[in-house]
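If you want the building blocks of each chain, they are given just below.
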Amino acid sequence: MDNRPTRIGVIGGGAWGTALSIIANRAGSRVTLVTRNENVIQSIRERRTNEVYLPSIFLDPAIAIADKFNDACQGDLIILAVPSHVFRSVCIGVSDMLAPDVPVVIASKGIERGSLMLMSEVAKSILPRNPVAILSGPNFADEAAKGLPSATTIACADTQLWELLKFSIGGKLFRPYMSEDIIGTQIGGAVKNIIAIACGIAIGKKFGENARAALVTRGFAEIARLALAKGGKPETLMGLSGLGDLILTCGSAKSRNMSFGVAIGQGNTKDDILVRRGRTAVEGVVAAESVSKLARKFAVSMPICDAVHRILYESAPVDQVIEELLERPFVGEGA
């Protein structure tokens, strides 16, 4: 039996990529974190902390930091933790360097603009021979990096890959749970960000907690409908990557997507907020456009997601969109 540490390459020096490097190192794996952000590289090399995205959290000196994709591709598996809008280019970037038997663990959440492909579909179109797994769940990066108890879903079709991942990443403070539903796991992770924006708008408009609870519940129904139409399993959405992630993202001011929605509800524009936030990604903004188009493609009713899309991309007045939502016909809870 091979008892050597698993060699893991993590691409993405943002908060989540950095946190996953810390988590994998804590589990006993040998980690190389790759980023092209020179400020992140300098911060980690000089101070052993990513002051750009995950300040004040120590990175063990055993975690290597590099700026070339090839440095991440020489191990036993690779984790991609980059924003969804650059995911394809990263897959292309590693395609000539990655051996076909090296698993690709996708820690990016979203649906690609234009193609409307899930991240797994993008990966398989470029890296068709590499096994794929999805890591998604209710995980704020700073809490998981600090070692506060967290749980996540790892979705994959291969039991051997699950066995490798649970020991390479998992531990008593970061507990992975297996799913075979790669599609449902990704739909939950992508669409919850849009519902979080809607909840933030309600908070910004001072609509109260009843409104937020209603949005979370009806938003969950929208997520489940889209997952089912895309081929996912409804029961997946009851787990960590669905309901769990939705509760976290819609229930905390730490959520980038919800705080973005709050700013919209307070009268700020999308572009102004994004300019002020600079380097911080708001995945729900990207997802709102793709999910709206995907819902139309599958003829799935998603009025909350559609409302967010209209506000962000069609300059629809917030108050008008809210009024139209409130005037929708009464229906059964299953609709």
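As a reminder, the structure under discussion sits directly above these lines.
Here's a quick rundown of the structure.

Rules behind the numbers
- Residues numbered from 1 in each chain as written.
- Predicted model: local features only at pLDDT ≥ 70, side-chain atom pairs only at ≥ 80, totals over all residues.
- Heavy atoms only, no water.
- Helix = DSSP H or I, 4+ residues; strand = E, 2+ residues; numbered from the N terminus.
- Rg over C-alpha atoms; globule rule 2.2 N^0.38 Å.
- Buried < 20%, exposed > 50% of the residue type's maximum accessible area, 1.4 Å probe, protein only.
- Contact = heavy atoms within 4.5 Å.
- Areas by Shrake-Rupley, 256 points an atom, 1.4 Å probe, with all protein chains shown as cover.
- Lys, Arg positive; Asp, Glu negative; His and termini not counted.
- Charge placed at Lys NZ, Arg CZ, Asp CG, Glu CD.
- 1 Å grid on protein atoms, 1.4 Å probe; cavity = no way out; pocket = protein on both sides within 12 Å on 5 of 7 lines; lining within 4 Å.
- Points joined across faces, edges and corners; volume = space filled by probe spheres on them.
- Nonpolar A, V, L, I, M, F, W, Y, C, P; charged D, E, K, R; others polar.
- Disulfide = S-S within 2.5 Å.
- Arc of directions from axis to C-beta.
- Salt bridge = Lys/Arg side-chain N within 4 Å of Asp/Glu carboxyl O.

**Points about the overall build of the chain**
Link 1 in the chain: Scanning the chain from N- to C-terminus turns up 15 helices and ten strands.
Link 2 in the chain: A globule of 335 residues ought to have a C-alpha radius of gyration of about 20 Å, and the chain, at 19 Å, matches this closely.
Link 3 in the chain: With respect to the three principal axes, the spread of C-alpha positions in the chain is 60 × 40 × 35 Å.
Link 4 in the chain: Within the chain, the fraction of its 335 residues that count as buried is 55%.
Link 5 in the chain: Counted over contacts in the chain with a minimum sequence separation of 6, partners at least 24 positions apart contribute 70%.
Link 6 in the chain: Put simply, the chain shows about 14,900 Å² of open surface, and 54% of that area lies on carbon and sulfur atoms.
Link 7 in the chain: Placing the 37 positive and 33 negative side-chain charges of the chain at their respective mean positions leaves the two points 2 Å apart.

**Quick word on the layout of surface pockets**
Link 1 in the chain: Taken as a whole, the second largest pocket holds about 750 Å³ of empty space.
Link 2 in the chain: For the second largest pocket, the lining is made up of 27 residues, of which L215, R218, I304, L325 and L326 are closest to its centre.
Link 3 in the chain: Broken down by element, the lining of the second largest pocket gets its largest block of residues, six residues, from helix α9 (residues 209-230).
Link 4 in the chain: Among the residues making up the lining of the second largest pocket, the classes are represented as 20 nonpolar, two polar and five charged.

**Some remarks on the state of the cysteines**
Two cysteines, two sulfur atoms, one covalent bond between them: this is a disulfide.
Link 1 in the chain: Taken as a whole and judged by the stated rule, the model has zero disulfides.
Link 2 in the chain: In this model C199 remains outside any disulfide bridge; the closest cysteine sulfur is found in C250, 3.9 Å from its own.
Link 3 in the chain: Free of any disulfide, C305 has its nearest neighbouring cysteine sulfur in C250, separated by 10 Å.
Link 4 in the chain: By relative accessible area, which is 2% here, C305 ends up buried.

**Some thoughts on helix α4 (residues 87-94)**
Link 1 in the chain: Taken residue by residue, α4 has F87, V90, C91 and V94 as its buried positions. In a view along the axis of α4, the buried residues occupy a sector of 100°, so they form one face of it.
Link 2 in the chain: Those residues of α4 that are buried lie in contact with β1 (7-11), α3 (69-72), β6 (77-80), β7 (104-106) and α5 (119-126).

**Overview of the pattern of salt bridges**
Link 1 in the chain: Under the definition given, this model contains 16 salt bridges.
Link 2 in the chain: Salt bridges here are not isolated pairs; linked through shared partners, they connect R4, R7 and D76.

**Side note on the side chain of S43**
Link 1 in the chain: Summarising the element assignment, S43 is placed in helix α2 (residues 38-47).
Link 2 in the chain: Residue classification places S43 among the buried residues on the basis of a relative accessible area of 1%.
Link 3 in the chain: Sequence-distant contacts of S43, that is, excluding residues within four places in its chain, are made with R48, T49, N50 and E51.

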